[in-house]
Amino acid sequence: GNSVTQMEGPVTLSEEAFLTINCTYTATGYPSLFWYVQYPGEGLQLLLKATKADDKGSNKGFEATYRKETTSFHLEKGSVQVSDSAVYFCALSPLRGQNFVFGPGTRLSVLP
Amino acid sequence: NAGVTQTPKFQVLKTGQSMTLQCAQDMNHEYMSWYRQDPGMGLRLIHYSVGAGITDQGEVPNGYNVSRSTTEDFPLRLLSAAPSQTSVYFCASSLVTGSTGELFFGEGSRLTVL
């Protein structure tokens, strides 16, 4: 079946540190891949997405590349800020008629 | 630009009471769904719908009922609330599933069952 695995954290970094949150997936066919972010007390919002192999999604300094050969979609940011403190979810959208699949979420805390 | 609207944002119930969480979207999305989010459990799918008049069970459907009489609305009913249903509930919608489109989330409804 379809599944998403990601490091669960929590991850604690100092401001301006480099961030990597690993995400790997299992799916039939060629899913679209997403990173969602959830700030404290809010719903999930789309951070970035990639719809085919080798696509790079980017937004707000975050990047992730769709790697079909390693079935991965790792999230990176070169210099995190305190305002990036949130929970990050990796997700995939599989074939038509199948539901989105979410990873367990990774809580990130950035200290000043 | 409303997107997905959930009400109420907060609710406290006593065990055995029933209630309905409302969800409405104004994007003409075919697909709507309900998730619950519990600490350490991530997001779990309760029920979903791929169009008006069509609903199906997700991962954790017991104790919940849904209906989809219109494209816009997808209410979630708790039939007889239990403390195990204390959670944060999110409604989400998408144009279709299995596409490149994203899932849009509401702001959540925090439910406490005493």
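Fair warning: this is a prediction, and the values are worked out from it, not measured in the lab.

> Help me understand the overall build of chain B in this model?
A count of helices and strands for chain B gives zero helices and 11 strands. Secondary structure elements of chain B, listed N to C terminal, follow the sequence β-β-β-β-β-β-β-β-β-β-β. In terms of overall dimensions, chain B is globule-like: its C-alpha atoms have a radius of gyration of 13 Å, near the 13 Å expected for 114 residues. Over its C-alpha atoms, taken along the principal directions, chain B stretches across nearly 40 × 30 × 25 Å. Here chain B holds 114 residues, and 47% of them are scored as buried. When contacts within chain B are restricted to residue pairs at least 6 apart in sequence, those whose partners lie at least 24 apart make up 53%. Split by element, the accessible area of chain B, about 5,300 Å² in all, is 51% carbon and sulfur.

> Sorry, what's going on with the sheet that holds strand S7 (residues 56-59) of chain A here?
Residue and element names in this part refer to chain A. Taken together, the four strands give an open sheet; going across it, the order is S3-S9-S8-S7, and neighbouring strands pair in antiparallel fashion. Every other strand in the sheet has two partners, leaving strand S3 (19-21) and S7 as the edge strands with one partner each. Shown here is a sheet whose adjacent strand axes are inclined to one another by a mean of 15°, direction ignored. Sheet topology note: the strand S8 (residues 62-65)/strand S9 (residues 75-77) ladder contains three bridges and is antiparallel. Each residue of the ladder has a partner; that of Phe62, found in S9, is Lys77.

Reading guide: rules and limits
Residues numbered from 1 in each chain as written. Chains lettered and ligands numbered in written order. Predicted model: local features only at pLDDT ≥ 70, side-chain atom pairs only at ≥ 80, totals over all residues. Heavy atoms only, no water. Helix = DSSP H or I, 4+ residues; strand = E, 2+ residues; numbered from the N terminus. Rg over C-alpha atoms; globule rule 2.2 N^0.38 Å. Buried < 20%, exposed > 50% of the residue type's maximum accessible area, 1.4 Å probe, protein only. Contact = heavy atoms within 4.5 Å. Areas by Shrake-Rupley, 256 points an atom, 1.4 Å probe, with all protein chains shown as cover. Pairing = 2+ DSSP bridges. Axes fitted to C-alpha atoms, helices over the stretch in contact; angles between N-to-C directions.

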